[in-house]
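Here is what each chain is made of, one letter per residue.
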There are 2 protein chains.
Amino acid sequence: MPSIGDPDLRDEDKQIVRSLNLFRDMDAERFDDLLNAAFLQRFPERVILINEGEPSDFLHIVIDGCVELFATLDGRESTMTVLTPVSTFILAAVLKDAVYLMSARTRTASRILMIPAKNVRQAMADDDAFARSIVTELANCYRGVVRNQKNLKLRTSVERLASYLAHQHIRQGANGKLTLPIDKKTLASMLGMTPENLSRSFSTLRRAGVTVTGPEVAVESQDELKEIARHAPLIDNFPDKPAE
Amino acid sequence: MPSIGDPDLRDEDKQIVRSLNLFRDMDAERFDDLLNAAFLQRFPERVILINEGEPSDFLHIVIDGCVELFATLDGRESTMTVLTPVSTFILAAVLKDAVYLMSARTRTASRILMIPAKNVRQAMADDDAFARSIVTELANCYRGVVRNQKNLKLRTSVERLASYLAHQHIRQGANGKLTLPIDKKTLASMLGMTPENLSRSFSTLRRAGVTVTGPEVAVESQDELKEIARHAPLIDNFPDKPAE
DNA sequence: GGCCTGCCTTGATAAATGTCAAGACTTCAA
DNA sequence: TTGAAGTCTTGACATTTATCAAGGCAGGCC
């Protein structure tokens, strides 16, 4: 049976997807079937991938580039999260065959693997190992949002920024400097504040040894940042080591 | 094999648990085993059931009464949600064998069914139908917190209150009145504001035909409430019909 | 170069929200 | 009954956050 998917999906990409926890334990043949039904699409920057409220047609996976999930109400907009390779998104909507609750747009030019929702649901029905991997994936997603909600409800803006900076600092090697991976307008929205307020929060943190130069941030003391943030492992989920 | 669980778990209670989506499709014998290992505990009001940070020993199910999930940071506290019968809670922590991210306390005297976490995980490993029910349950939980986060980030306090009142109004029969199911201090925390601010938000809504007398709320126009809330189906998830 | 445009910052001001304090009221138990 | 404790409301005020406006600065384009 010929593939209906994009032939541009290289073996290398398949291996990357296969290495995700979500797909690792899946039956090999079924995995191939799933990917053969999938499309690998290239998108330029700032392209809307998903509008909230639409029925969920595809499970999306960022192979390359950067994707922002956001939500709107009337004229307002809020960034929910920013995804880097390799991550899946809107899995819950796909499984429930429900409408998307969040919108998605590319931030940079990106390659997105799109697996038809029907196939994903069928694979879950047929493949017991896959069903259990989905459980783990969803439990992780759920706990992620719970942490986020605690962050929003229990911390002030400056504390959220301090926590974010400490997180990035660790992630990027904990050597006194970090580069903001996203522009400040988006960062502000993600942290639940306005861009103006983010600027002011940065200047508040100057007295704690934080110096900002464009996207570059110098950090004098990670511990002081954590103290300002009132660091709590049950909110922050900092990595142990830098991301590779 | 004799039951190690509480003999007080009546058949009637078993049927109630069995009727939950989470357990409905489970193998019958396995379901019995699971409940035989469980404890049905009675707790007085205001008793801590779970402290965040503790390892997850049991899946909890509110059979009777009322349970609040909350989170703390330093001296601060925030109500995450309030659970009524019959609901499970902290499923994600149990499945991941991770620490609880939220604390739980009874609000009223309650009966809680506690299923040892090990047994739940074993049941998920052994029972394919159960694993798939868990997927659905977790997907629902995930989408619930996403809605909540949108509510927090995209709405003001007054809008959140208006939305809450509209929700309760529908739930309770949409006949111009409703009874607040929880005290105002907790409601305020759940809606992300202080009790003083909740009071003021209520008076702001007076001009929209909302009259408060203790826990009783008279609503002149549900539509006006929804308009004030900037009602959006992708945030609110209002019920179609009153809860029975 | 010159001129956009968009991003970011800063200041002034407004609005939203939180804090403190006081008092009315209820509940509960001595 | 009385007192104590807790809840809720209200007012005064402080803080936080948002909005509006202006200007600096960098990158892209003619």
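The coordinates are above.
Report on the accompanying structure. (Residues numbered from 1 in each chain as written. Chains lettered and ligands numbered in written order. Predicted model: local features only at pLDDT ≥ 70, side-chain atom pairs only at ≥ 80, totals over all residues. Heavy atoms only, no water.)

**Focus on the interface of chain B and chain A**
Phase 1: Counting residues at the interface gives 54 residues for chain B, matched by 54 residues for chain A.
Phase 2: A buried area of about 4,800 Å², summed over both sides, lies between chain B and chain A, and 67% of it is on carbon and sulfur atoms.
Phase 3: If you sort the residues of chain B by the area they bury against chain A, L101(B), R143(B) and K153(B) come out on top, with a joint share of 16%.
Phase 4: Along the contact surface separating chain B from chain A lie 8 salt bridges.
Phase 5: The salt bridge involving R76(B) is made with E159(A); its shortest N-O contact spans 2.7 Å.
Phase 6: Taken together, chain B and chain A are joined by 28 residue pairs in polar contact (both at pLDDT 80 or more). (Contact = heavy atoms within 4.5 Å. Buried area = accessible area lost by both parts, 1.4 Å probe. Salt bridge = Lys/Arg side-chain N within 4 Å of Asp/Glu carboxyl O. Polar contact = N/O pair within 3.5 Å; in protein donor to acceptor, adjacent residues only side chain to side chain.)

**Section: the relation of the copies chain B and chain A**
Phase 1: Superposing chain B onto chain A requires a rotation of 180 degrees together with a translation of 0.0 Å along the rotation axis, leaving an RMSD of 0.0 Å. Such a combination of rotation and displacement between the chain copies is what one expects of a two-fold axis. (Least-squares fit on C-alpha atoms with pLDDT ≥ 70 in both.)

**Quick look at helix α9 (residues 195-204) of chain A**
Residues and elements named next belong to chain A.
Phase 1: Among the residues of α9, those classed as buried are L198, S201 and F202. All buried residues of α9 lie within an arc of 100 degrees about the axis, which places them on one face of the element.
Phase 2: In this fold, the buried residues of α9 make contact with α7 (157-171), α8 (184-190) and β10 (210-213). (Buried < 20%, exposed > 50% of the residue type's maximum accessible area, 1.4 Å probe, protein only. Helix = DSSP H or I, 4+ residues; strand = E, 2+ residues; numbered from the N terminus. Arc of directions from axis to C-beta.)

**Comments concerning the sheet that holds strand β7 (residues 103-106) of chain A**
Phase 1: Reading across the sheet, the 4 strands line up as β2-β7-β4-β5 (chain A) and stay open at both edges, with antiparallel pairing between neighbours. Two strands bound the open sheet, and with one partner strand each, they are β2 (48-50) and β5 (76-83) of chain A. Here the strands of the sheet are splayed against their neighbours by 35 degrees on average, with no regard to which way each runs.
Phase 2: As judged from the 7 bridges shared by strand β4 (residues 67-73) of chain A and β5(A), these two strands associate in the antiparallel manner. Bridged to E68(A) within β5(A) is V82(A).
Phase 3: Packing against the sheet, helix α6 (residues 128-154) of chain B makes contact with β4 and β5 of chain A, and its axis sits at approximately 130 degrees to β5(A). (Pairing = 2+ DSSP bridges. Axes fitted to C-alpha atoms, helices over the stretch in contact; angles between N-to-C directions.)

**Overview of the sheet that holds strand β10 (residues 210-213) of chain B**
Residues and elements named next belong to chain B.
Phase 1: Strand order in this open sheet of 3 strands is β9-β11-β10, and the pairing throughout is antiparallel. The outermost strands of the open sheet, each flanked by one partner alone, are β9 (177-179) and β10. Mean inter-strand twist for the sheet, computed between neighbouring axes without regard to direction, equals 20 degrees.
Phase 2: Here 3 bridges tie β9 to strand β11 (residues 216-219), and the two strands are oriented antiparallel to one another. Of the residues in β11, the one forming a bridge with T179 is E216.

**A word on the packing of aromatic side chains**
Phase 1: Evaluation of the coordinates by the stated rule reveals 6 aromatic pairs over all chains.
Phase 2: For the ring pair F23(A) and F130(A), a centre distance of 5.8 Å and an interplane angle of 20 degrees mean the geometry is stacked. With F23(A) in helix α2 (residues 21-24) and F130(A) in helix α6 (residues 128-154), the pair connects residues that are 107 residues apart, well separated along the chain.
Phase 3: Given the relative accessible area of 0%, F23(A) is considered buried.
Phase 4: Take F130(A): its relative accessible area is 0%, and that puts it in the buried class.
Phase 5: Ring plane angle 85 degrees and centroid distance 6.0 Å describe the contact between F39(A) and F58(A), whose orientation is recorded as edge-to-face. Here F39(A), found in strand β1 (residues 39-43), pairs with F58(A), found in strand β3 (residues 58-64); they are 19 residues apart in sequence, far enough to count as distant.
Phase 6: Overall, F39(A) belongs to the partly exposed group, its relative accessible area being 29%.
Phase 7: For F58(A), a relative accessible area of 22% translates into the label partly exposed.
Phase 8: Members of the aromatic cluster, each reached through a chain of ring pairs, are F23(A), F31(A) and F130(A).
Phase 9: A cation sits over an aromatic face here: R105(A) above F70(A), 3.7 Å from the ring centre.
Phase 10: Seen from the ring of F31(B), R18(B) lies directly overhead, with NZ or CZ sitting 4.9 Å from the centre. (Phe/Tyr/Trp six-rings, centres within 6.5 Å; stacked < 30°, edge-to-face > 60°. Lys NZ or Arg CZ within 6 Å of the ring centre and 35° of its normal.)

**Thoughts on the pattern of salt bridges**
Phase 1: Following the criterion strictly, the structure yields 30 salt bridges over all chains and no others.
Phase 2: With a closest N to O distance of 3.2 Å, D127(A) and R30(A) form a salt bridge. Note that D127(A) is positioned in the loop between α5 (117-126) and α6 and R30(A) in helix α3 (residues 28-36), a separation of 97 residues in sequence.
Phase 3: Owing to a relative accessible area of 26%, R30(A) belongs among the partly exposed residues under this scheme.
Phase 4: The closest approach of N and O atoms between R111(B) and D64(B), which form a salt bridge, is 3.8 Å. Here R111(B), found in strand β8 (residues 110-116), pairs with D64(B), found in strand β3 (residues 58-64); they are 47 residues apart in sequence, far enough to count as distant.
Phase 5: On the basis of relative accessibility, which here comes to 39%, the residue D64(B) falls in the partly exposed class.
Phase 6: One network of salt bridges, with partners in common, ties together E68(A), E77(A), R105(A), R107(A) and D183(A).

**Side note on a negative patch on the surface**
All names here are of chain A.
Phase 1: On the surface, a cluster of negative charge is contributed by D11, D27, E29, D32 and D33.
Phase 2: With 3 residues, α3 is the largest single contributor of residues to the negative patch.
Phase 3: The topology assignment puts D11 in helix α1 (residues 11-18).
Phase 4: Overall, the relative accessible area of 59% leaves D11 in the exposed class. (Patch = residues over 30% accessible without salt bridge, like charges linked within 9 Å, V, L, I, M, F, W, Y side chains within 5 Å. Areas by Shrake-Rupley, 256 points an atom, 1.4 Å probe, with all protein chains shown as cover. Lys, Arg positive; Asp, Glu negative; His and termini not counted. Charge placed at Lys NZ, Arg CZ, Asp CG, Glu CD.)

**Concerning the pairing of strand β4 (residues 67-73) of chain B**
Phase 1: Taking burial as the measure, the 7 residues of β4(B) include 6 buried ones, the bulk of the element.
Phase 2: Here β4(B) folds back onto strand β5 (residues 76-83) of chain B in antiparallel fashion, the turn holding 2 residues, of which D74(B) has a positive phi close to 50 degrees.

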